[in-house]
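A look at the structure
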Amino acid sequence: MVLPAGKTTLAQALADRYGLAVVSSDRVRKEMLGLDPQVHRPAAYEAGIYRPEVTERTYRALADRAERLVGMGESVVVDATFAGESQRALFRTVADRTHTATTWVRCRPPDDVVAERLRRRADRPDQLTDADATVAARLERHPAAWAGVLEVDTSRPMRQGVDEVARAAGLAD
């Protein structure tokens, strides 16, 4: 999932409805660095705990966890931005190795909704994610323009987004 604008909420809602495991880049990154995942650690784009080499390690750890869970028979939602082609390629390789179907989702609420969510997030120090408006703007410069991505407007009631993703992923009730 791509923008810091509803992806974690959507991932958790899917997991809750369908009994899926969630692997979160925000949580894995902080655990990997020995940090409390619940402590807000804002940093500039590609700086601090978001340096490219840390991001690469984070995605490798995400892929390892997802592959391990799939190997145990779990279905997995990976809650991450996948802004780089190398990150997507890594997970396509995992899907091929595990014979797993994937559904790529990009959360795309209107810009004013993104701005408001990010403003509110900054006021809550217990947020798992650290992205702010600057990070969102930088990510937007790297659109996830790959084949087969489902764009979901997460400004609508979450149930609608979950239904849309579930249909695309073949999970629909």
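The structure contained in this document is the topic of the report that follows.

**A closer look at the overall build of the chain**
Counting its regular elements, the chain contains 7 helices and 4 strands. Starting at the N terminus and walking to the C terminus, you meet the elements of the chain as α-β-α-α-β-α-β-α-α-β-α. Looking at the 173 residues of the chain, the share that counts as buried comes to 41%. In the chain, the proportion of contacts linking residues at least 24 apart, taken out of those at least 6 apart, comes to 73%. Carbon together with sulfur atoms contributes 50% to the accessible area of the chain, which is approximately 9,000 Å² in total.

**Here's the deal with the side chain of Asp 79**
Looking at the secondary structure, you find Asp 79 in strand 2 (residues 76-79). At 2.9 Å, the side chain of Asp 79 forms a polar contact with the side chain of Lys 7. Filtering out sequence-adjacent residues up to four positions away, Asp 79 remains in contact with Lys 7, Thr 8, Ala 11, Val 22, Val 23, Ser 24 and Ser 25.

**Describing the pattern of salt bridges**
Across all of its chains, the model carries 13 salt bridges by this definition. The salt bridge involving Glu 85 is made with Arg 88; its shortest N-O contact spans 3.2 Å. Taken together, the residues span about one helical turn, with Glu 85 and Arg 88 both in helix 4 (residues 85-98) at a distance of 3 residues. Accessibility expressed as a relative area gives 39% for Glu 85, which makes it partly exposed. Note on Arg 88: relative accessible area 6%, which makes it buried. Each of Lys 7, Asp 26 and Asp 79 takes part in one network of salt bridges that share partners.

**Some words on helix 2 (residues 25-32)**
Those residues of helix 2 that fall on the buried side of the exposure criterion are Ser 25, Asp 26, Val 28, Arg 29 and Lys 30. On the buried face of helix 2, the contacting elements are helix 1 (7-18), strand 1 (21-24), helix 3 (52-71) and strand 2. Looking at where helix 2 begins, the residue whose side-chain oxygen comes 3.3 Å from the main-chain nitrogen of Asp 26 is Ser 24. Looking at the residues trailing helix 2, positive phi occurs at Gly 34, about 75°.

**Section: the packing of helix 1 against helix 7 (residues 158-169)**
Between two packed helices, what matters for the description is the angle formed by their axes and the separation of those axes. One can describe the packing of helix 1 onto helix 7 by two numbers: an axis separation of 10 Å at closest approach and a directional angle of 70°. In terms of their interaxial angle, helix 1 and helix 7 are classed as roughly perpendicular. When you trace helix 1 past helix 7, the crossing you get is right-handed. Here Thr 9, Leu 10, Ala 13, Leu 14, Arg 17 and Tyr 18 of helix 1 come into contact with helix 7, specifically with Met 158, Arg 159, Gly 161, Val 162, Asp 163, Val 165 and Ala 166. Considered class by class, the residues forming the contact of helix 1 with helix 7 number 8 nonpolar, 2 polar and 3 charged.

**Describing the packing of helix 3 against helix 4**
Contact pair helix 3 / helix 4: the axes reach a minimum separation of 10 Å and the direction vectors enclose 20°. One way to sum up the angle between helix 3 and helix 4 is to call them roughly parallel. As for how helix 3 packs across helix 4, the hand of that crossing is right-handed. In contact with Thr 55, Tyr 59, Arg 60, Leu 62, Ala 63, Ala 66, Glu 67 and Val 70 of helix 3, helix 4 contributes Gln 87, Leu 90, Phe 91, Val 94, Arg 97 and Thr 98. Residue composition of the contact of helix 3 with helix 4, grouped by class: 8 nonpolar, 3 polar and 3 charged.

Rules of the game
Each residue is numbered by its place in its chain's sequence as written, counting from 1. In keeping with the predicted nature of the model, local features appear solely for residues at pLDDT of at least 70, side-chain atom pairs appear and are counted solely at 80 or more, and the whole-chain, interface and lining totals rest on all residues. In computing side-chain values, all of the structure's heavy atoms are included and hydrogens and water are not. Counting from the N terminus, the helices are the DSSP runs of H or I reaching at least four residues and the strands are the DSSP runs of E reaching at least two. Think of it in three bands: residues with accessible area under 20% of the maximum for their type are buried, residues over 50% are exposed, and the middle band is partly exposed, with areas taken using a 1.4 Å probe on protein chains only. We call two residues in contact when some of their heavy atoms are within 4.5 Å. For accessible areas, the Shrake-Rupley method is used with a probe of radius 1.4 Å. Any residue's cover is judged against the shown protein chains and nothing else. What qualifies as a polar contact is a pair of N or O atoms within 3.5 Å, subject to a donor-acceptor requirement within protein and to the restriction that residues adjacent in sequence count only when both atoms come from side chains. Within this document, salt bridges are pairs made up of a side-chain nitrogen of Lys or Arg and a carboxyl oxygen of Asp or Glu, the two lying within 4 Å of each other. Interaxial angles span 0 to 180 degrees and are taken between N-to-C directions of axes, which are lines fitted to C-alpha atoms, for helices over the stretch in contact. Convention used here: angles under 35 degrees read as roughly parallel, angles over 145 as roughly antiparallel, angles from 65 to 115 as roughly perpendicular, and any remaining angle as oblique. Here a crossing is called left-handed whenever its near helix is offset anticlockwise from the far helix by less than a right angle, and right-handed whenever the offset is clockwise. For this scheme, ten residues count as nonpolar: Ala, Val, Leu, Ile, Met, Phe, Trp, Tyr, Cys and Pro. Four count as charged, namely Asp, Glu, Lys and Arg, and the remainder, Gly too, count as polar.

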